[in-house]
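Chain and residue survey
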Amino acid sequence: GLAEGKVKVGQLKSNKAQTLYQTESFVVSMSAGPDGNSLLTGHLDGSIYRFCFETETVPRPVTTKIACVPQCTPYALSWGYAGIVAAGNDRTVRFWDTEGREGQ
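Residues numbered from 1 in each chain as written. Predicted model: local features only at pLDDT ≥ 70, side-chain atom pairs only at ≥ 80, totals over all residues. Heavy atoms only, no water.

1. Points about unusual backbone geometry
Comment: phi is negative for the bulk of residues other than glycine, and the bulk of peptide bonds are trans. Residues other than glycine seldom take positive phi values, yet Asn 15 does so here, at roughly 60°. Inspection of the secondary structure assignment puts Asn 15 in the loop between strand 1 (6-11) and strand 2 (16-22). In this structure Asn 15 comes out as exposed when scored by relative accessible area, which is 70%. (Helix = DSSP H or I, 4+ residues; strand = E, 2+ residues; numbered from the N terminus. Buried < 20%, exposed > 50% of the residue type's maximum accessible area, 1.4 Å probe, protein only.)

Structure, rendered in structure tokens:
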């Protein structure tokens, strides 16, 4: 992730970087998905995005905004089959299911 909100991936064959997607906010954290075909990014504005690479079940790459917690920057992200965990600068830990519904 970059300061201008771009999320890039390095391609080994061409030795070049490709932009996956771009938001309006600085990228502060990343986490690989449990399936190996997706990733999460946390942004300075409190938003969390999920990017899914193209696979047999996903016909084209998809970017989805999972959550937004105003005034809380998600500096630590973790993603497993049960859901998503984010710890922010407000000293809280939040949980979401894989669809983005906040847990208790």
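2. Description of the nonpolar core
Judged by nonpolar contacts, Leu 40, Ile 48, Ile 66, Ala 67, Val 69, Cys 72, Leu 77, Trp 79, Ile 84, Ala 86 and Trp 96 together constitute the single largest core of 11 residues. In this structure Ala 67 touches Gly 46, Ser 47, Ile 48 and Trp 96, once residues within four positions along its chain are discounted. Among the nonpolar cores identified, the runner-up in size contains 7 residues, and Val 7, Val 27, Leu 39 and Phe 51 belong to it. (Core = buried A, V, L, I, M, F, W, Y, C linked by side-chain atoms within 4.5 Å. Contact = heavy atoms within 4.5 Å.)

3. Looking at the packing of aromatic side chains
Under the defined criterion, the tally for this structure stands at 3 aromatic pairs. With a centroid separation of 5.7 Å and an interplanar angle of 20°, the aromatic rings of Tyr 21 and Phe 51 are classed as stacked. Placement of the pair is Tyr 21 in strand 2 and Phe 51 in strand 5 (residues 47-52), with a sequence separation of 30 residues. With respect to burial, Tyr 21 and Phe 51 carry one shared label: buried. On the numbers, 4.9 Å between centres and 85° between planes, the contact of Phe 51 with Phe 53 is edge-to-face. Using a relative accessible area of 3% as the deciding quantity, one classes Phe 51 as buried. (Phe/Tyr/Trp six-rings, centres within 6.5 Å; stacked < 30°, edge-to-face > 60°.)

4. As for the sheet that holds strand 6 (residues 62-68)
Ordered by their spatial adjacency, 4 strands build an open sheet running 3-4-5-6, and the pairing between neighbours is antiparallel. Bordering the open sheet on either side are strand 3 (27-32) and strand 6, each of which pairs with just one other strand. Taken pair by pair, the neighbouring strands of this sheet meet at an average axis angle of 20°, ignoring direction. (Pairing = 2+ DSSP bridges. Axes fitted to C-alpha atoms, helices over the stretch in contact; angles between N-to-C directions.)

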